[in-house]
Amino acid sequence: MGSTQAVGAVKRNLREGGYAKAKVGHGGTLDPEAEGVLPIALGEATKLAGRMLDANKVYEFTIEFGEETDTLDAAGEVVDRSDHRPTMDEIAAVLPRFTGPIEQVPPVYSALKVDGKRAYDLARAGEAVELKTRAVTVHSLTFLLGTGRGTSVAGGGARTEKLTQTGFAKLDLPLLHPADGPPPSARKECVTLVAHVSKGTYIRSLARDIAHALGTVGHVTYLRRTKAGPFREEQAISLDNLNEIGKGAPLQDLLLPLEAGLDDIPALNLNSVSAQAVRQGRVVTEMPHADGLYLAKLDSVPVALVELEGGAMKVVRGFNLPDVAE
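What counts and what doesn't
- Residues numbered from 1 in each chain as written.
- Predicted model: local features only at pLDDT ≥ 70, side-chain atom pairs only at ≥ 80, totals over all residues.
- Heavy atoms only, no water.
- Pairing = 2+ DSSP bridges.
- Helix = DSSP H or I, 4+ residues; strand = E, 2+ residues; numbered from the N terminus.
- Axes fitted to C-alpha atoms, helices over the stretch in contact; angles between N-to-C directions.
- Salt bridge = Lys/Arg side-chain N within 4 Å of Asp/Glu carboxyl O.
- Buried < 20%, exposed > 50% of the residue type's maximum accessible area, 1.4 Å probe, protein only.
- Core = buried A, V, L, I, M, F, W, Y, C linked by side-chain atoms within 4.5 Å.
- Arc of directions from axis to C-beta.
- Contact = heavy atoms within 4.5 Å.
- Parallel < 35°, antiparallel > 145°, perpendicular 65-115°, else oblique.
- Nonpolar A, V, L, I, M, F, W, Y, C, P; charged D, E, K, R; others polar.

Novice: What exactly am I supposed to notice about the sheet that holds strand 19 (residues 312–318) here?
Specialist: Reading across from one edge, 16-17-18-19 is the order of the 4 strands in this open sheet, with mixed pairing throughout. Where the open sheet ends on each side, the last strands, each with one partner, are strand 16 (267–269) and strand 19. Across the sheet, the mean angle separating the axes of adjacent strands is 40 degrees when strand polarity is ignored. Pairing geometry for strand 16 and strand 17 (residues 292–298), over 3 bridges, is parallel.

Right under this line is the structure:
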């Protein structure tokens with residue numbers, strides 16, 4: 001399911017549940033073959049969707065070596081092959097080269113625009129697509145726990161248990177304990193990694209470049225976003241839970257407060273006079289706080305995202321939420 005489809009599903013359930021006027025937005029797209037966390041914002045929280053797009057993300061992904069596809073994932077056509085397979089030691093040795101500030105060329109099958117047209121539309125039409133190198137940051141790049149040295153997982157899977165719609169199903173795979181597995185000189189058909197990355201990072205490009213650095217080719221066969229900004233996979237609700245809203249379940253039982261999208265922003269408590277000034281968009285001066293971004297609140301109600309500089313407080317984004325007394 002793509003981001004637009006997810007927003008549509010939320011809107012449908014809100015409409016069926018009697019919340020037809022709620023504004024809905026999403027906090028970041030997912031690749032067509034990807035799964036995982038997608039933040040969905042309602043009402044005033046949609047004003048924070050831009051911050052979600054700019055937030056760091058965490059992905060689990062499997063690189064299968066030996067074939068590169070035009071889309072850099074399993075959905076594409078094979079465009080290059082190699083018989084070379086790297087060892088775990090070789091993989092571990094190249095990961096530091098892809099950690100920190102790096103430059104990468106996005107996949108031609110991406111939503112980036114070239115001369116006003118989507119790159120994937122041009123690629124599907126058979127046109128040559130040339131995308132510019134972009135600077136991104138990989139904060140960390142590690143082996144997924146349980147799939148590192150000496151561990152073999154068939155089919156690119158990364159877990160001994162697989163999440164199904166009804167629970168967890170045991171996978172009958174010949175897993176080996178990482179500490180007791182074959183020597184690191186054994187050649188690997190695939191490897192599963194965890195990447196903590198900045199906005200704009202393409203995991204498919206990262207997988208391609210890692211394979212090239214290892215003297216081979218590869219593509220992504222498994223991609224899962226486990227964290228988007230402050231939102232983690234264990235907080236997420238399933239589509240089954242979402243559908244309960246349309247059947248009459250209380251909406252508040254499935255919502256996080258607006259502040260959940262600002263967990264890295266310190267709160268700044270205002271009095272009623274200052275709160276009124278902020279709501280009117282006026283600059284408030286003589287604020288005895290350090291410069292920076294704050295979540296201004298009146299009691300427990302978010303009033304605005306504000307920027308302090310030299311004791312002056314300016315509104316970055318205001319929120320139209322009722323006071324507790326109302």
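Novice: What exactly am I supposed to notice about the pattern of salt bridges here?
Specialist: A side chain of one charge can pair with a side chain of the opposite charge when the charged atoms of the two come close. Considering all chains together, one arrives at 11 salt bridges under this definition. Between E35 and R224 there is a salt bridge; the shortest N-O distance is 2.4 Å. Residue E35 is located in strand 2 (residues 35–36), and its partner R224 is located in strand 14 (residues 218–228); the two are separated by 189 residues in the primary sequence. Residue classification places E35 among the partly exposed residues on the basis of a relative accessible area of 36%. Between R232 and E234 there is a salt bridge, and its shortest N-O distance comes to 3.0 Å. For R232, a relative accessible area of 36% gives the class partly exposed. Put simply, E35, R224 and E233 are held in one network by salt bridges that share partners.

Novice: Just checking my understanding: could you explain the nonpolar core for this structure?
Specialist: Soluble globular proteins tend to bury their nonpolar side chains together. Membership of the largest hydrophobic core comes to 27 residues, with the highest contact counts inside it found for F61, I63, L141, L193, I203, L206 and I210. Contributing elements (two or more residues each) for this core: strand 4 (57–65), helix 3 (88–94), strand 10 (134–143), strand 13 (190–197), helix 5 (203–213) and strand 14. By residue number, the principal contributor to this core is helix 5, which donates 5 residues. Core analysis: the second largest hydrophobic core is formed by 15 residues, V278, M287, A296 and L308 among them.

Novice: What exactly am I supposed to notice about helix 7 (residues 272–279) here?
Specialist: An α-helical segment advances 3.6 residues per turn. Residues three or four places apart therefore align on the same side. All buried positions along helix 7 are accounted for by S274, A275, A277 and V278. In a view along the axis of helix 7, the buried residues occupy a sector of 160 degrees, so they form one face of it. Counted as exposed and oriented over 90 degrees from the buried face of helix 7: S272 and V273. Buried positions along helix 7 lie against strand 17, strand 18 (301–309) and strand 19. Among the residues trailing helix 7, G281 stands out with phi positive, at a value near 80 degrees.

Novice: Mind showing me how you'd approach the packing of helix 1 (residues 3–16) against helix 6 (residues 239–246) here?
Specialist: Axis angle and axis distance: for two packed helices, these are the angle between their axes and the distance between the axes, and together they describe the pair. The contact between helix 1 and helix 6 brings their axes to 6 Å, and the two run at 30 degrees. What the angle tells us is that helix 1 and helix 6 run roughly parallel. In contact with A9, V10, R12, N13, L14 and E16 of helix 1, helix 6 contributes L242, N243, I245 and G246. Partitioned by chemical class, the residues of the contact of helix 1 with helix 6 number 5 nonpolar, 3 polar and 2 charged.

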